[in-house]
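# Working through the structure, step by step
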Amino acid sequence: MPLKLRPTGLGSGIDKDRPDYGVYSGEWEIGRIYRTRGGPESLPWFWSMNANGPMTRSDTVATLKEAKAQFQKSWGAWKAWAKLEGVE
């Protein structure tokens, strides 16, 4: 099952038009990816995964594409660590 992004709808005021997504595996929200306000202009995207384990669980990156790729890599590492490799 591929990961899917869904708008969170959390933004309001000056942030209402800023991209902000929940990351889902099926119906389970497993993380978030959003465009930050402030911080380095070269790293405007933040991603985080709602899981514990030895893998990278968050980072700031240059593009939404890179945020998705890093999230997917960490999700795969988490599934391997949790011994759920065959679970989408």
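Below: a short report on this structure. (Residues numbered from 1 in each chain as written. Predicted model: local features only at pLDDT ≥ 70, side-chain atom pairs only at ≥ 80, totals over all residues. Heavy atoms only, no water.)

### What to know about the nonpolar core
The nonpolar side chains of a soluble globular protein tend to be buried, and buried together. Core analysis: the biggest nonpolar cluster contains 13 residues, and Ile33, Trp47, Met49, Ala67, Phe71, Trp75 and Trp78 have the highest contact counts within it. If you list the elements that add at least two residues to this core, you get strand E3 (28-35), strand E4 (45-49) and helix H1 (64-81). Of the residues forming this core, the biggest block, four residues, is contributed by H1. (Core = buried A, V, L, I, M, F, W, Y, C linked by side-chain atoms within 4.5 Å. Buried < 20%, exposed > 50% of the residue type's maximum accessible area, 1.4 Å probe, protein only. Helix = DSSP H or I, 4+ residues; strand = E, 2+ residues; numbered from the N terminus.)

### Some remarks on the packing of aromatic side chains
Following the criterion strictly, the structure yields three aromatic pairs and no others. Plain terms: the ring middles of tyrosine 34 and phenylalanine 46 are 5.4 Å apart, the flat faces sit at 50 degrees to each other, and that makes the pair tilted. Of this pair, tyrosine 34 sits in strand E3 while phenylalanine 46 sits in strand E4, and the two are twelve residues apart along the sequence. Phenylalanine 46 sits in the partly exposed class, given a relative accessible area of 22%. For the cation-ring pair, arginine 6 lies above tyrosine 24, with the distance from its terminal atom to the ring centre recorded as 4.0 Å. (Phe/Tyr/Trp six-rings, centres within 6.5 Å; stacked < 30°, edge-to-face > 60°. Lys NZ or Arg CZ within 6 Å of the ring centre and 35° of its normal.)

### Side note on the sheet that holds strand E5 (residues 58-61)
Strand order in the open sheet formed by five strands is E1-E2-E3-E4-E5, with antiparallel pairing between adjacent strands. The open sheet is flanked by strand E1 (4-7) and E5, the only strands paired with a single partner. Strand-to-strand twist of the sheet, defined as the mean angle between neighbouring strand axes without regard to direction, takes the value 25 degrees. Alignment of strand E2 (residues 20-25) against E3, held across six bridges, turns out to be antiparallel. Within the sheet, the bridge partner assigned to glycine 22 lies in E3 and is arginine 32. (Pairing = 2+ DSSP bridges. Axes fitted to C-alpha atoms, helices over the stretch in contact; angles between N-to-C directions.)

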